[in-house]
Each structure stands twice: as C-alpha cells, then as structure tokens.
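The primary structure of each chain is shown beneath.
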Amino acid sequence: MKKGIFIIFLIILLPYIILNIFYYEKDNDILVKVKTNDKILSIPLEEYIVHVVAGEIPVSFNDEALKAGAIVSRSYAIYKIKKNNSYDVTDNTLTQIYLTDEELKEKWKNDYLKNLQKIKDVVYKTKGQVLVYDGNVIEALFFSTSPGYTENSNEVFKEERPYLKSVPSSWDQASPVFREVNYFDKQDFCDKLSIKCSNLNIEITETTSTGRSKKIKVNNKIFASDDFIKKLNLKSTFLTIEVTSDSVIIETKGYGHGVGMSQYGANELALKGYRYDEILKYYYQGVQIKKI
C-alpha cells in the first residue's frame, strides 16, 4: 500500500521534477543582479522571470496574459541590465516585484507546487522572447489597472518613448481595483500633507491628455500628483476630490502609473481570445517580438 502511494505521489510530481531539472539549462549565461534589503543576488534570467511573474501577476490570470507578462518582465530586465550599474533591479515596486520561494510558499500555502508549475509552464513557452523597437530591447513599463486609457510616457515620466503611447483600455473595469473611494477626516488629511487646515481648498491644476492629474494645489501649496497619492496611500493619480464640512472624499480610478501594458487589461483581452503577441503589440506600438 505504501509503495503504491509513493508511486502515485511520484507520478504527480514528475512533471515538476523534470521541469525543475531542465528549465534553467542553457539560459544564455544571463544573470540578473537583484538588490534586496541587505545584499545583491545574481539570478539566472529565466528563474528571475518566473519569480517576477509570480510576484507581479495573479496566478489565476489566463495563460496568454501570463505569457505577455513574462515577455514584458524579461524585456524590462534586459533593458535594465544594459545600464551596467552595480545592480540591475530591485526586488520591489521600484522596478519589479521578485518573490523568493519562501515568500511564494507563504503566499500560496498548499497551492505552492501547483501554482509554481503553472507559472513555469507559461514562462517556459516564451523563453528568451523580448520586445524590440528599432533593433533595441524596450523599456517595457507596465502597471495593474487602467482608468480607461493608458498614458503617453512623456506626460507621466517626461521621457518620450515612441512605443509607449496612450491607447484605450476600457475593459479594465473588470479589475477589482478599478475604482476606489477614500474618505479622510479633514484634520487627518491635512496632517498627512503637512499643511494648515483652515479654509481648505483643493484644485487639480494640471492633467495629462487623458485626464490623469499631474499637479494638485492644496491651499497655496502645489503637489506633484505622485507625491500627493504617496502621502495619502492612494492607488492612482486619476482622481476626483470633494471637500465637505468635515471630510475630504477622493475617488480614484485605476491602479498604477498608467504607462505601458495594463495587467488586468491584458487579462481581459486574453479572455476575449487574443494571443499574447496581439496583446503586446496593442499596448506597445511598433514593437517586434524577438528571441535573445
């Protein structure tokens, strides 16, 4: 009986064992230098991409959206490697979230092996593929959820990228973080912004072409929108603000900076039947998919 159980267990784990042995073989000797809190890790590229996709994208997403995410993350990593700094990327949202095996086990619990196998399968199917524009690997920026349109790179980051142009992405409304309403007590709001709270007046003074805020004036102080939402722990600079007698109400739409591929938008396109290459060429204009 015990021998039979062992054989069944081995059969279940066999695909995982085989892939784990051969998956990272012949990885073109590309290593990604990942800066953590206290050290820099050198990780084989494809292993790194598995752990980034696992950290950045819900494992429940359609395979085509996960493939698109893998190519985007790989392209971004290669773009960063070419900068020749002491490290290439961080393990957090400053670049791309990288989760270790221990962190994934904590995140997925009993589903760890099953979920990791799914991620490895979809990443393996895109192995070595990157996005290229005019012969160069692109800075493949991405974010969680669009408020309806993605953004032109020069309007958000001040740097022109011909492949990072605004496109409609209305299907993001299916995202669980598409809309959020935040209520602040007036004094708490002012404390977070380090301003005086008398005669509170708030005005969005500058926006992008899609309506995303760039600058916000609170009384006589001007805030860059990125700084404003960071202080208030908001998900997006696409927002509306209402001041009542005792509170400040801020509604945000979308999640993230809005430049490049929307992850939830990509998943909705995948669910509509679009392939990963079609999704990528929609969100990144004029690119080609090539293998390194």
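For the structure, see preceding data.
Numbers given for residues are sequential positions, taken from 1 along each chain in its written order. Totals for whole chains, interfaces and linings use every residue, but because this is a predicted model, local features are given only for residues with pLDDT of at least 70 and side-chain atom pairs only at 80 or more, for both listing and counting. The side-chain numbers reported here are obtained from all heavy atoms of the structure, hydrogens and water having been left aside.

Draft legend 1. A look at the nonpolar core. In these notes, a set of buried Ala, Val, Leu, Ile, Met, Phe, Trp, Tyr and Cys residues joined through side-chain atoms within 4.5 Å is what counts as a nonpolar core. A 1.4 Å probe rolled over the protein chains alone gives each residue an accessible area, and that area as a share of the maximum for its type sets the label: buried under 20%, exposed over 50%, partly exposed in between. In this structure, Tyr48, Leu131, Met261, Leu280 and Tyr284 are the most contacted members of the largest nonpolar core, which totals 55 residues. When residues of this core are traced back to their parent elements, those giving at least two are strand S1 (31-35), helix H2 (45-56), helix H3 (63-81), helix H4 (101-108), helix H5 (112-124), strand S4 (129-133), helix H9 (263-271) and helix H10 (276-283). Helix and strand definitions here come from DSSP, where helices need a minimum of 4 consecutive H or I residues and strands a minimum of 2 consecutive E residues; each element is numbered from the N-terminal end. Considering each element in turn, this core owes the most residues, 9 residues, to H3. Contacts are residue-level and defined by heavy atoms, with any inter-residue pair within 4.5 Å sufficient. Those residues in contact with Leu131 that lie beyond four places of it in its chain are Ile71, Val72, Ser75, Asn136, Val137, Ile138, Ala140, Leu280, Tyr284, Val287, Gln288 and Ile289. Core analysis: the second largest hydrophobic core is formed by 17 residues, Cys190, Val218, Phe223 and Ile250 among them.

Draft legend 2. Representation of the packing of aromatic side chains in the model. Pairing of aromatic side chains requires ring centres within 6.5 Å, counting the rings of Phe and Tyr and the six-membered ring of Trp. Pairs whose planes differ by under 30 degrees are stacked, by over 60 edge-to-face, and all others tilted. In this structure the tally under the stated criterion is 8 aromatic pairs. Their ring planes at 55° and their centres at 5.6 Å tell us that Tyr133 and Tyr163 sit as a pair that is tilted. Highlighted residues: Tyr133 in strand S4 and Tyr163 in the loop between helix H6 (153-156) and strand S7 (179-185), separated in sequence by 30 residues. Centroid distance Phe223 to Phe228: 6.2 Å. Interplanar angle 65°. Geometry classified as edge-to-face. For Phe223, a relative accessible area of 2% translates into the label buried.

Draft legend 3. Representation of the sheet that holds strand S9 (residues 213-218) in the model. Pairing in this open sheet of 3 strands is antiparallel, and the strands run S8-S9-S10 from one edge to the other. Whereas interior strands pair on both sides, the edge strands pair on one side only; in this sheet they are strand S8 (202-207) and strand S10 (221-224). Sheet twist, expressed as the average angle between the axes of neighbouring strands with direction ignored, equals 25°. At least two DSSP bridges between two strands are needed for those strands to be called paired. Across 4 bridges, the pairing between S9 and S10 is antiparallel. Directly across from Ile216, in S10, lies its bridge partner Phe223. Sheet strands in contact with helix H8 (residues 225-232) are S9 and S10, and its direction is about 90° off that of S10. Helix axes use the C-alpha atoms of the stretch in contact, all axes being lines fitted to C-alpha atoms, and the angles between their N-to-C directions lie in the range 0 to 180 degrees.

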